[in-house]
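# Architecture at a glance
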Amino acid sequence: MKIISLTVALAMILLTLFGCASTQKRGGADSGGDNDKTNDSVSADGEGTSADDDYDASGVYSSQFLCKNIAYYNVKGAHLMYSLLSEDEKSYYACIDPFCNHNSAECAGYLPTVSYMLTVPRESGMPLIYMFGQRYHTGYIDGEYVHYPPGYYNLSQLVAFDPETGEKRMVAEPDVSNVQGAWYYEGKIFFSYETLVNAAAIGVGVIDTETGKYTAITSHGDPFTTGAGIWDGRFYYINDRGEIYSCDVDDVNDKRKEYDIGVQEIHTDRFTMRAYVNCGMLYFERDCIKPQEAEESLIYGKITTSNVYAVDLNDKDAGETLVAENVLDFKPYNGDLYYNVLNYIPGIDVDCADKYTRVTSSSDGGTLYRYDHKTKTSDTCYTDCGTSIYEIYDIDGEHMLFWGTQYRDVENYNTHNAFNTRFFHNYMCHNYMCSVDLDTGDWHVLCNTFTNPQIELPDRDDPIWNES
């Protein structure tokens, strides 16, 4: 009875945060939309919108995890969880079945090895959570239990999870693997993928969320390609030759070349240069290097930095503008660009309460910048916040979700609830899912890399912490 009461209470909290769900039938089972904008939302005139603007049915949504003040995410690439941005290191199963073990196909919030998520707001109530993940290894055919071959279960499936009902729906089973980026627009999901089916390919495609129809935008044999974003009814993507193309969202065969940044030998992404299209702005990297400073750090030995440029797609003839040099990571929101810059600060070894020693070096000095696309200038959001940004996940104009590495107050790192300390004890403190206030730099951990929700871990003196 206690478990059931807890589940009901959590559901009531979520409904209070989001407001009562609309009883009006939506246009299509998976129609998106919400009063809050994600980082690709656009208004009718193509300009960026703020989080206070009314819902725009023509908006583009690309948030992986964030909707309003809740972060949805997968731990260990399997079960779906959520955290409230107002709480520290508290996570809850998104599946509302109080008797579910959350580790098999019977769980509505479970998929084997989730590669990418897309959180799509709706006009009212909670968002829809789209998950690209590996297909199941086993199943039933004609009433018999079978093991599927690797050629089947190494491919992807797309499911939609509804936090309001606790149900998931199979959307599609495209013959692709390892989805790396996704954008929702008018009932369609455009996405980047990699696959080894019929020869290696890195490409882009689109799925209709109502019919499940998958359409390839690039084909095997084409240059490796990753998506960049959607703007003005066109989906943009970049190939490994540095060429940026777009296609009509309703006719993917209507393609045209938009820009050419040139071929680069080194790039921060595995296959192409990173590029984003957001609210009429194109942002891309060039001149990537592996900085010598990074080689001195155990954590950052494999990072690269790049110079980031901006192009106004309304005036491409005006050319490109240098946003910043030595950029580590960057992501746009409402046409502006948020980024951090290499500022390697060596630290000292710190003895922590769990008897391990951790380094305190910082890659960026704990500083975040914002480039204003209208004034073409950058300002500082916050400085020396106590954690470096390893990867930017999502931005909503007030908060940013990121994967961070803590360099201050390391001796107070939460080793009791952070199970990942067993795996990162020779390195800096990794914090998998963090939230930071963009104005103040105040940040806290939502969930650590290997923390299971609602589970008490052994005491620090327990022998488990000394296992190899």
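Residues numbered from 1 in each chain as written. Predicted model: local features only at pLDDT ≥ 70, side-chain atom pairs only at ≥ 80, totals over all residues. Heavy atoms only, no water.

## What to know about the overall build of the protein chain
Of the regular secondary structure elements, the protein chain holds two helices and 32 strands. The burial tally for the protein chain puts 57% of its 468 residues in the buried class. Within the protein chain, contacts between residues at least 6 apart in sequence are counted, and of these 52% link residues at least 24 apart. Accessible area of the protein chain: about 20,500 Å², with a carbon and sulfur share of 47%. (Helix = DSSP H or I, 4+ residues; strand = E, 2+ residues; numbered from the N terminus. Buried < 20%, exposed > 50% of the residue type's maximum accessible area, 1.4 Å probe, protein only. Contact = heavy atoms within 4.5 Å. Areas by Shrake-Rupley, 256 points an atom, 1.4 Å probe, with all protein chains shown as cover.)

## Overview of unusual backbone geometry
Phi is positive for Thr 113, which is not a glycine, with a value near 50°. Positioned with a positive phi, Asn 326 is a non-glycine residue whose angle comes to about 55°. With respect to the secondary-structure elements, Asn 326 resides in strand 23 (residues 320-333). Overall, Asn 326 belongs to the partly exposed group, its relative accessible area being 33%.

## Considering the sheet that holds strand 6 (residues 114-120)
The strand order across the open sheet formed by four strands is 6-7-10-11, and the pairing between neighbours is antiparallel. With partners counted over all chains shown, the strands left at the sheet margins are strand 6 and strand 11 (167-172), one partner each. Between one strand axis and the next, the sheet turns by 25° as a mean value, whatever way the strands run. (Pairing = 2+ DSSP bridges. Axes fitted to C-alpha atoms, helices over the stretch in contact; angles between N-to-C directions.)

## Section: the nonpolar core
Membership of the largest hydrophobic core comes to 29 residues, with the highest contact counts inside it found for Phe 65, Tyr 73, Leu 80, Met 117, Met 131, Leu 401 and Met 433. Setting aside chain neighbours within four positions, we find Met 131 in contact with Asn 74, Leu 80, Gly 109, Leu 111, Val 114, Tyr 116, Met 117, Gln 157, Leu 158, Val 159 and Phe 161. Among the nonpolar cores identified, the runner-up in size contains 19 residues, and Val 171, Ala 182, Tyr 184 and Ile 189 belong to it. (Core = buried A, V, L, I, M, F, W, Y, C linked by side-chain atoms within 4.5 Å.)

## Describing the side chain of Arg 122
You can see Arg 122 is positioned in the loop between strand 6 and strand 7 (128-134). The buried category is assigned to Arg 122, whose relative accessible area is 0%. Within the structure, the side chain of Arg 122 is placed 2.9 Å from the side chain of Asp 162, a separation counted as a polar contact. (Polar contact = N/O pair within 3.5 Å; in protein donor to acceptor, adjacent residues only side chain to side chain.)

## Observations regarding the environment of Ala 216
With respect to the helices, strands and loops of the structure, Ala 216 is situated in strand 15 (residues 214-216). Overall, the relative accessible area of 39% leaves Ala 216 in the partly exposed class. For Ala 216 and Gly 203, which are 13 residues apart along the polypeptide, the C-alpha to C-alpha distance reads 8.3 Å. Excluding residues within four positions of it along the chain, Ala 216 makes contact with Val 204, Gly 205 and Val 252.

## Overview of the sheet that holds strand 14 (residues 201-208)
Read across the sheet, five strands follow the order 1-12-13-14-15 without closing on themselves; strand pairing throughout is antiparallel. For this open sheet the edge positions go to strand 1 (60-61) and strand 15, each flanked by a neighbour on one side alone.

## Quick word on the environment of Gly 139
Relative to the helices and strands, Gly 139 is located in strand 8 (residues 138-141). By relative accessible area, Gly 139 is classed as buried at 12%. Setting aside anything within four residues of it in sequence, one finds Gly 139 in contact with Glu 144, Tyr 145, Val 146 and Tyr 148.

## Considering the confidence of the model for the protein chain
Of all residues in the protein chain, 75% have pLDDT values of 70 or greater, and the mean over the chain is 79. Considering only residues more than four positions removed or in separate chains, one finds that residues 1-57, a stretch of pLDDT under 50, has 134 contacts. Low pLDDT (under 50) marks residues 451-468, which in the prediction has 44 contacts with non-local residues, meaning those over four places away or in another chain. (pLDDT = per-residue confidence, 0-100.)

## With respect to the side chain of Thr 387
Assignment of secondary structure puts Thr 387 in strand 29 (residues 387-395). On the accessibility criterion, Thr 387 (1% relative accessible area) is buried. When neighbours within four sequence positions are excluded, Thr 387 is seen to be in contact with Asp 364, Gly 366, Phe 402, Gly 404, Thr 405, Gln 406, Tyr 407 and Trp 443.

## Observations concerning empty space enclosed by the protein
Scanning all chains against the criterion turns up two cavities of 30 Å³ or more. For the largest cavity, the calculated volume is near 60 Å³. Lining of the largest cavity is provided by 12 residues; of these, Ala 201, Ile 202, Ser 219, His 220 and Asp 222 occupy positions nearest its centre. For the lining of the largest cavity, the leading source of residues is strand 14, giving three residues. The residue makeup of the lining of the largest cavity, split by class, is six nonpolar, five polar and one charged. Size it by volume and the second largest cavity reaches roughly 30 Å³. When the residues that make up the lining of the second largest cavity are grouped by side-chain class, the tally is two nonpolar, five polar and two charged. (1 Å grid on protein atoms, 1.4 Å probe; cavity = no way out; pocket = protein on both sides within 12 Å on 5 of 7 lines; lining within 4 Å. Points joined across faces, edges and corners; volume = space filled by probe spheres on them. Nonpolar A, V, L, I, M, F, W, Y, C, P; charged D, E, K, R; others polar.)

## Quick word on the packing of aromatic side chains
Per the stated rule, a full pass over the model turns up 21 aromatic pairs. Geometrically, the ring pair formed by Tyr 73 and Tyr 432 is edge-to-face, given 6.2 Å between the ring centres and 75° between the ring planes. Placement of Tyr 73 in strand 3 (residues 70-75) and of Tyr 432 in strand 31 (residues 429-437) is noted, with a sequence separation of 359 residues between them. Neither Tyr 73 nor Tyr 432 differs from the other in exposure class; each is buried. Taking the centre distance of 5.7 Å and the plane angle of 20° together, the rings of Phe 284 and Tyr 309 count as stacked. Here the residue Phe 284 occupies a position in strand 21 (residues 281-289), and Tyr 309 occupies one in strand 22 (residues 305-312), the gap between them amounting to 25 residues. With respect to burial, Phe 284 and Tyr 309 carry one shared label: buried. Ring-pair connections join several aromatic residues into one group, and the members of that group are Trp 183, Phe 190, Phe 235, Tyr 237 and Tyr 245. Taking the ring centre of Tyr 309 as reference, the NZ or CZ of Arg 286 above it sits at 4.8 Å. (Phe/Tyr/Trp six-rings, centres within 6.5 Å; stacked < 30°, edge-to-face > 60°. Lys NZ or Arg CZ within 6 Å of the ring centre and 35° of its normal.)

## Considering the pattern of salt bridges
Close approach of charged atoms allows side chains of opposite charge to pair. For the structure on display, the rule yields 17 salt bridges. The partner of Lys 316 in a salt bridge is Glu 258, and the shortest N-O contact between them spans 2.7 Å. Remark: Glu 258 occurs in strand 19 (residues 255-260) and Lys 316 occurs in the loop between strand 22 and strand 23; sequence separation between them is 58 residues. The exposure class of Lys 316 is partly exposed, given its relative accessible area of 28%. The partner of Glu 320 in a salt bridge is Arg 286, with the nearest N and O atoms 2.5 Å apart. Placement of Glu 320 in strand 23 and of Arg 286 in strand 21 is noted, with a sequence separation of 34 residues between them. (Salt bridge = Lys/Arg side-chain N within 4 Å of Asp/Glu carboxyl O.)

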